[in-house]
Amino acid sequence: MNLTLKIWRQKDASSKGQMVDYKVTDISEHMSFLEMMDVLNEQLINSGEEPVAFDHDCREGICGMCSMYINGEAHGPDRGVTTCQLHMRMFKDGDTITIEPFRAAAFPVIKDLVVDRTSFERIQQAGGYISVNTSGNTQDANALPISKHAADEAMDAATCIGCGACVATCKNSSAMLFVGAKVSQYALLPQGQVEAVDRVKNMVAQMDLEGFGNCTNTGACEIECPKGISLDNIARMNRELMKASVKG
Amino acid sequence: MSGFFKSSIGRKVAMALSAFFLMFFLIIHLAVNITSLFSEDLFNELSHFMGTNPLVQFALQPVLILGVVFHFVMGFVLELKNKKAQGVSYAKNNGAANSSWMSRNMIYSGLVILAFIVLHFIDFWFPEINTKYIQGDMSGMHDGSYRYFHELQHKFLSPARVAAYVVAFILLALHLLHGFTSAFQSVGVTAGRKKAMQTFGKIYAFAIPLGFIIIALYHHLNHQS
């Protein structure tokens, strides 16, 4: 198929960017979206132009690096997929595809389609962990009985890959689905209880400090999340923070 | 606990709590007004009670006004903060692919409701305050009978005013359609996302504004000149 691409080009973080049109031809419907971008970049390199910078790593939907806003949706029009898992069969011959970086004040553009998501790292560092003594006497995780229901819900929350699609999609650039998932995966398990109060307080405080917006429950994030993280995790985070605030 | 209400989640919870209070008030307001459809006397009695009872006038009424002001001010504050958090806008954004129009435009339905409240205060609240507390007439009487029902009918003579009320109530329905379940979600109650609760929310969001629309239309069409 032949396509017209409208791509955000921005030289560096301090430059002003703009949308630039490109044509690509003979794109196979079996290609992934990133493979189509590789074809474009090869074309640009061969003609002596600067290739389009975009984040990617595993190309199997696990790393959470690919971060394009395609035709008005994070990771494009398909559901439950990252950009690397988006196939060109989702598009038609002759289509014009708009490709932009994830937008949020807390996700500044580094170059072209690459954004700085280290704000997520700082939120994780603020409390997204459990402190375990690993000096040779680590307890077997299976020694602690955990209900199937809690284990399943914690695992569902833990599937968040921190790609930032929730923030990119949210009209308020809120990170509450991400933080909700990270708080939930520990809140549901006994190992997470010891640091529960500090965890939710510190992670929410860091989230606010990073300049993410306030959730208004539109539910857009859970629809666009490649891992199907549920809005219930935000409600759980809200409960956790209320509990933590009462406990002091 | 003061730190909690300074956090983004604390503000959400505060918005939700004021929303619960306002949603409860709407039920009371509709319950009183709906009596005007079938009993002039009952409507007059209830209006006189609400208008002269010290507990309603000096405790509930200030709390209600505070609740309304808080909900609006906090709504604007959050909207401004959210705008700041967005940064550069997308060249192409397909919001309809993942969320409802109501949920994305609460600020606009809210602004229409705010304009309506101003009109409603000019129509009913300011004249009441003038009659009762400036002119000092607490009797609720005019020409030997209660004035409330006649004042209500008189207000709805104007088709323009009825139209404005109907438009405002439609926007109120849209606001409630998202706001009802959203408030539950904000206070951490996932039950708001269960089918039964969503259905109840939809019934509430349609029934309350529809009740007010029926009252406005009824008195417009059945006024005694």
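Cut-off values and rules
- Residues numbered from 1 in each chain as written.
- Chains lettered and ligands numbered in written order.
- Predicted model: local features only at pLDDT ≥ 70, side-chain atom pairs only at ≥ 80, totals over all residues.
- Heavy atoms only, no water.
- Axes fitted to C-alpha atoms, helices over the stretch in contact; angles between N-to-C directions.
- Helix = DSSP H or I, 4+ residues; strand = E, 2+ residues; numbered from the N terminus.
- Parallel < 35°, antiparallel > 145°, perpendicular 65-115°, else oblique.
- Left-handed = near helix turned anticlockwise from the far one by under 90°.
- Contact = heavy atoms within 4.5 Å.
- Expected span 1.5 Å × (residues − 1).
- Buried < 20%, exposed > 50% of the residue type's maximum accessible area, 1.4 Å probe, protein only.
- Arc of directions from axis to C-beta.
- Pairing = 2+ DSSP bridges.
- Buried area = accessible area lost by both parts, 1.4 Å probe.
- Salt bridge = Lys/Arg side-chain N within 4 Å of Asp/Glu carboxyl O.

Q: Which residues make up the packing of helix 4 (residues 54–86) of chain B against helix 6 (residues 106–134) of chain B, and what values do they have?
A: If you want to describe how two helices pack, look at the angle between their axes and the distance between the axes. Residue and element names in this part refer to chain B. In the contact formed by helix 4 and helix 6, the axes pass within 12 Å of each other and the chain directions differ by 155 degrees. Relative to helix 6, the element helix 4 lies roughly antiparallel. For the pair helix 4 and helix 6, the sense of crossing is left-handed. Counted together, Gln 57, Phe 58, Gln 61, Ile 65, Val 68, Phe 72, Gly 75, Phe 76 and Glu 79 of helix 4 and Ile 107, Gly 110, Leu 111, Ile 113, Leu 114, Ile 117, Phe 121, Trp 125, Lys 132 and Tyr 133 of helix 6 form the full contact between these two elements.

Q: Now, about helix 1 (residues 33–46) of chain A: what can you tell me, with residues and values included?
A: Residues and elements named next belong to chain A. With 14 residues, helix 1 extends 20 Å between its outermost C-alpha atoms, agreeing within 8% with the 20 Å of an ideal straight helix rising 1.5 Å per residue. Every buried residue of helix 1 is listed here: Phe 33, Leu 34, Met 36, Met 37, Leu 40, Asn 41 and Leu 44. End-on, the buried residues of helix 1 take up no more than an arc of 150 degrees, which puts them together on one face. Exposed positions of helix 1 whose direction lies more than 90 degrees from the buried face are Glu 42, Ile 45 and Asn 46.

Q: Describe the pairing of strand 5 (residues 96–101) of chain A, and please don't skip the residues or the numbers.
A: Side-chain direction in a regular strand flips from residue to residue, so the side chains alternate between the two faces of the sheet. All names here are of chain A. With five of six residues buried, strand 5 lies mostly within the body of the structure. Here strand 1 (residues 3–9) runs beside strand 5; their pairing, made up of four bridges, is parallel. Within the sheet, the bridge partner assigned to Thr 4 lies in strand 5 and is Thr 96. Sheet topology note: the strand 3 (residues 68–70)/strand 5 ladder contains three bridges and is antiparallel. Its bridge partner being in strand 5, Met 68 is matched across the sheet by Pro 101.

Q: Got a sec to walk through the interface of chain A and chain B? Specific residues and values, please.
A: Counting residues at the interface gives 48 residues for chain A, matched by 36 residues for chain B. Buried area between chain A and chain B, summed over both chains or domains, comes out near 3,300 Å², and the portion from carbon and sulfur atoms is 51%. For the chain A face of the interface with chain B, the top three residues by lost area are Lys171(A), Asn214(A) and Asn217(A), together amounting to 19%. Seen at the junction of chain A and chain B, the total is one salt bridge. Contributions of two or more residues to the side of chain A that touches chain B are made by strand 5, helix 4 (165–169), helix 6 (196–209), helix 7 (220–224) and helix 8 (232–247) of chain A. Per-element accounting of the side of chain A that touches chain B gives the leading share, ten residues, to helix 8 of chain A.

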